[in-house]
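# Overview (structure and organization)
Okay, here's what each chain looks like letter by letter:
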Amino acid sequence: MSALQILLKLILPLLVVAAVVFIWWAGKAMLEGAREGVQEVKEEAAQAKAEKEAASQQLREARQTSLEELRGRLPWADQHALSLRAVFAEIWIRDLFDQPDELLHWDYFYSVQPPAEKLGELASTLKDGWDIEGHDSAVSKLGWLLSDGHRADYARIQAALEGEGAFDLADQKRAAQALGPELAREAGVVLRWQAQVGAAGAAAFDYARAVDVAGQALALGYLSEGEAWKIIRHCDLHARDTFGSWEAFGRSFQAGAEFWQPTGLINRYRHGRYARSVAWLLSDPESPWVQVPWTSDFVPGRAVGGQDTPHTPPGLLN
């Protein structure tokens, strides 16, 4: 055996061992590097999350301060009255504004005046949704909301179902069908919500829409400030006579909204959006329904601070 062969025989195992050791060391280094990289990513993600949460909390605190200042300019009764339309305001702010978290947009909860750039969109909404284009059409639609609205039809179906014994029968579907196929859908809505809304029926939906439409009409100059606020305060007085809490008001709103709109994909989405808004309004600390209590030491006919709050008679739009 030559010296070279002997040398290779001795060195080769050493080289193999060295290669294995190197591979192990390199793998360990790569694993540790990967672990360090993962840890760095986790730390960066945690830091980014903490910074985002801090910024969000800072924004919430700034909004809270701004809203407290804005609410402070209004008597409790007017805060309460504007909060009747809070479902529409919340949807307007979150779904229609490009940057919904800006302080200016949240002010809309306690103001009838939306940002100026949205006035054109507001006018289109009133025209397309209500056929309102000026003073006369605004007065006409608001007159219907205040005198009848959808709550009147809802109440008539309630009375008919009660006459059929529908609220006591196990087979409520049969009782609903007794009203005729043209009313089957509406009867089904009334039956589904009866346990939650009772005699109040769909009233909250009409009051909320009247406050919303009156505020929009004021913002567009279709109604004077006096006309709009008479309607808004009128709705609030009746709402506080009808309901005992924001929760009861919210359930009645949902019942009325479902009664108003037939079934269909778009309307199922709409009803789901209303439900999410009501849930947020009842639970979030920034919500007007959380910030503005349903009841206070308010004396009917007198606002906080001693100034009279106009009571609007039923014929206010005549």
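Residues numbered from 1 in each chain as written. Predicted model: local features only at pLDDT ≥ 70, side-chain atom pairs only at ≥ 80, totals over all residues. Heavy atoms only, no water.

## Section: the environment of Ala-239
Looking at the element boundaries, Ala-239 is found in helix 11 (residues 225–242). Under the relative-accessibility criterion, Ala-239 is labelled buried at 0%. Measuring from C-alpha to C-alpha, the distance between Ala-239 and Leu-84 comes to 8.4 Å, with 155 residues separating the pair along the chain. When near neighbours in sequence (up to four residues on either side) are disregarded, Ala-239 contacts Leu-84, Tyr-207, Phe-249 and Trp-294. (Helix = DSSP H or I, 4+ residues; strand = E, 2+ residues; numbered from the N terminus. Buried < 20%, exposed > 50% of the residue type's maximum accessible area, 1.4 Å probe, protein only. Contact = heavy atoms within 4.5 Å.)

## Overview of unusual backbone geometry
In the Ramachandran plot, Asp-131 falls in the positive-phi region, its phi being about 60 degrees despite a non-glycine side chain. Within the secondary structure, Asp-131 is located in the loop between helix 5 (119–130) and helix 6 (135–147).

## Some remarks on helix 5
Counted at 1.5 Å a residue, the expected span for helix 5 with its 12 residues is 16 Å, and the 16 Å between its end C-alpha atoms agrees. Just beyond helix 5, the residue with positive phi is Asp-131, at close to 60 degrees. (Expected span 1.5 Å × (residues − 1).)

## Focus: the environment of Leu-142
Turning to its location among the elements, Leu-142 is positioned in helix 6. Look at Leu-142 and you get buried, because its relative accessible area is 0%. The sequence separation of Leu-142 and Ala-210 amounts to 68 residues, and the corresponding C-alpha distance is 6.1 Å.

## Looking at the layout of surface pockets
Roughly 730 Å³ of internal volume is contained in the largest pocket. For the largest pocket, the lining is made up of 23 residues, of which Phe-88, Ile-91, Thr-125, Arg-270 and Tyr-274 are closest to its centre. Sorting elements by how many residues they give to the lining of the largest pocket places helix 3 (residues 86–96) first, with six residues. Residues belonging to the lining of the largest pocket are distributed by class as follows: 13 nonpolar, four polar and six charged. (1 Å grid on protein atoms, 1.4 Å probe; cavity = no way out; pocket = protein on both sides within 12 Å on 5 of 7 lines; lining within 4 Å. Points joined across faces, edges and corners; volume = space filled by probe spheres on them. Nonpolar A, V, L, I, M, F, W, Y, C, P; charged D, E, K, R; others polar.)

## Let's talk about the pattern of salt bridges
Oppositely charged side chains can form a pair if their charged atoms are brought close together. Scanning the model with the defined rule gives 10 salt bridges in all. As a salt-bridge pair, Arg-233 and Asp-78 come within 2.9 Å of each other at their nearest N and O atoms. With Arg-233 in helix 11 and Asp-78 in helix 2 (residues 76–83), this residue pair connects regions lying 155 residues apart in the sequence. With a relative accessible area of 5%, Asp-78 lands in the buried category. (Salt bridge = Lys/Arg side-chain N within 4 Å of Asp/Glu carboxyl O.)

## A look at the environment of Pro-293
By secondary structure assignment, the location of Pro-293 is in the segment after helix 14 (288–291). Spatially, the C-alpha atoms of Pro-293 and Ser-245 are 8.4 Å apart, while their sequence positions differ by 48 residues. Not counting the four nearest positions on each side in its chain, Pro-293 is found in contact with Trp-76, His-80 and Trp-246.

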